[in-house]
Amino acid sequence: NRYVELLNDVDQLVGTDQAFLLGSWVEMARGFGANATDCGGNAANIPAANCADFYEWNARTQLTTWNPTPHEAKKIPDGPNDYASKHWNGLVAGYYGKRASLLLKQALDSAKAGKPVDKDAVTRLKADHAYNWTTAEIGVVKYPTKPVGDALTVSKAMHTKYASWFAP
């Protein structure tokens, strides 16, 4: 739970700086797709008429799994998973934090049942999450394209919140 909380806090902090906004990346990708015609026959089954959605999907996939994760896949395809590993507002909480929450729930459910964590279930969970984040949220989730909050104020609040973690 603390790890998920920390990811959410980091997401808030990086959201105070224009250079760390997923929204800018998504907006730029959608802009490139607005007048494009080269998006047919794609692995995400996005209609060829909607290149903005295709370009957004491509941008999301590039940041996360690199290789597209098909719907109902048993695992994320081999390749550089978490390829870009950006510390961007929206990606930290929305992808990494959400994944950590899902994995935590899976582990707690297993513990409650008195069983070890089901590695196959974890692998499927990661694939479902990758598919959902790269495909199901296209055009739905709107990430900020302008910074939110003041970096100094947020930093001071986090320093206070986490100071005991670093106390001698």
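In the block above lies the structure referred to throughout.
**Q** What is the right way to look at the side chain of Thr61 in this model?
**A** For Thr61, the location among the structural elements is in helix H3 (residues 51-63). Note on Thr61: relative accessible area 2%, which makes it buried. Not counting chain neighbours up to four residues away, the residues in contact with Thr61 comprise Trp66, Asn67, Pro68 and Thr134.

**Q** Can you walk me through the pattern of salt bridges in this structure?
**A** Once the charged atoms of two side chains with opposite charge are near each other, the side chains can pair. Across all of its chains, the model carries nine salt bridges by this definition. Between Lys161 and Glu5 there is a salt bridge whose closest N-O contact spans 2.6 Å. Pair noted here: Lys161 is in helix H6 (residues 151-162) and Glu5 is in helix H1 (residues 2-14), with a separation of 156 residues, a long-range link. A residue is classified by how much of its surface remains accessible, and Lys161, at 37% relative accessible area, is partly exposed. Assessed through its relative accessible area of 35%, Glu5 is described here as partly exposed. One network of salt bridges, in which partners are shared, links Arg30, Asp53, Glu56, Arg60 and Glu137.

**Q** What exactly am I supposed to notice about the environment of Gly40 here?
**A** Mapped onto the elements, Gly40 comes out in the loop between helix H2 (22-33) and H3. Note: C-alpha distance between Gly40 and Glu72 (32 residues apart in sequence) is 22 Å.

**Q** It is not clear to me how the nonpolar core should be interpreted in this structure. Could you clarify?
**A** Soluble, globular proteins show a tendency: their nonpolar side chains are buried together. Ranked by internal contacts, the top residues of the largest apolar core, which has 17 residues, are Leu22, Leu91, Tyr95 and Trp133. When residues of this core are traced back to their parent elements, those giving at least two are H1, H2, helix H4 (91-112) and helix H5 (119-136). At five residues, H4 tops the list of elements feeding residues into this core. Leaving out residues up to four positions away in the same chain, Leu91 has contacts with Asp11, Leu22, Leu63, Thr64, Lys86, Tyr96 and Trp133. By size, the runner-up hydrophobic cluster in this structure holds seven residues, among which are Cys39, Cys51, Phe54 and Ile138.

**Q** Is there a simple way to think about the state of the cysteines in this case?
**A** What makes a disulfide is a covalent bond joining the sulfur atoms belonging to two cysteines. Using the criterion set out here, one finds one disulfide in the structure. The residue that forms a disulfide with Cys39 is Cys51, at a sulfur-sulfur distance of 2.0 Å. Negative torsions about the S-S bond denote left-handed disulfides, and the value of about -85° found for Cys39 with Cys51 makes this one left-handed. Separated by twelve residues along the polypeptide, Cys39 in the loop between H2 and H3 and Cys51 in helix H3 bring together distant segments of the chain.

**Q** Please clarify how unusual backbone geometry should be interpreted in this entry.
**A** The phi angle of most residues is negative, glycine excepted, and most peptide bonds adopt the trans form. With phi around 60°, Glu72 is a residue other than glycine that occupies positive phi space. Within the fold, Glu72 resides in the loop between H3 and H4. For Glu72, a relative accessible area of 62% puts it in the exposed group.

**Q** What exactly am I supposed to notice about the packing of aromatic side chains here?
**A** The relative placement of two aromatic rings is captured by the distance of their centres and the angle of their planes. Under the defined criterion, the tally for this structure stands at seven aromatic pairs. Note on Phe54 and Trp57: the rings are 5.5 Å apart at their centroids and 35° apart in plane angle, and the pair reads as tilted. Taken together, the residues span about one helical turn, with Phe54 and Trp57 both in helix H3 at a distance of three residues. Each member of the pair, Phe54 together with Trp57, is buried. With centroids separated by 5.4 Å and ring planes inclined at 75°, the aromatic side chains of Tyr95 and Tyr96 adopt a geometry described as edge-to-face. Three or more aromatic residues joined by ring pairs make a cluster, and in this case those are Phe54, Tyr55 and Trp57. Directly above the aromatic system of Trp133 lies the positively charged group of Arg60, at a separation of 4.6 Å from the ring centroid.

Quick notes on the rules
Residues numbered from 1 in each chain as written. Predicted model: local features only at pLDDT ≥ 70, side-chain atom pairs only at ≥ 80, totals over all residues. Heavy atoms only, no water. Helix = DSSP H or I, 4+ residues; strand = E, 2+ residues; numbered from the N terminus. Buried < 20%, exposed > 50% of the residue type's maximum accessible area, 1.4 Å probe, protein only. Contact = heavy atoms within 4.5 Å. Salt bridge = Lys/Arg side-chain N within 4 Å of Asp/Glu carboxyl O. Core = buried A, V, L, I, M, F, W, Y, C linked by side-chain atoms within 4.5 Å. Disulfide = S-S within 2.5 Å. Phe/Tyr/Trp six-rings, centres within 6.5 Å; stacked < 30°, edge-to-face > 60°. Lys NZ or Arg CZ within 6 Å of the ring centre and 35° of its normal.

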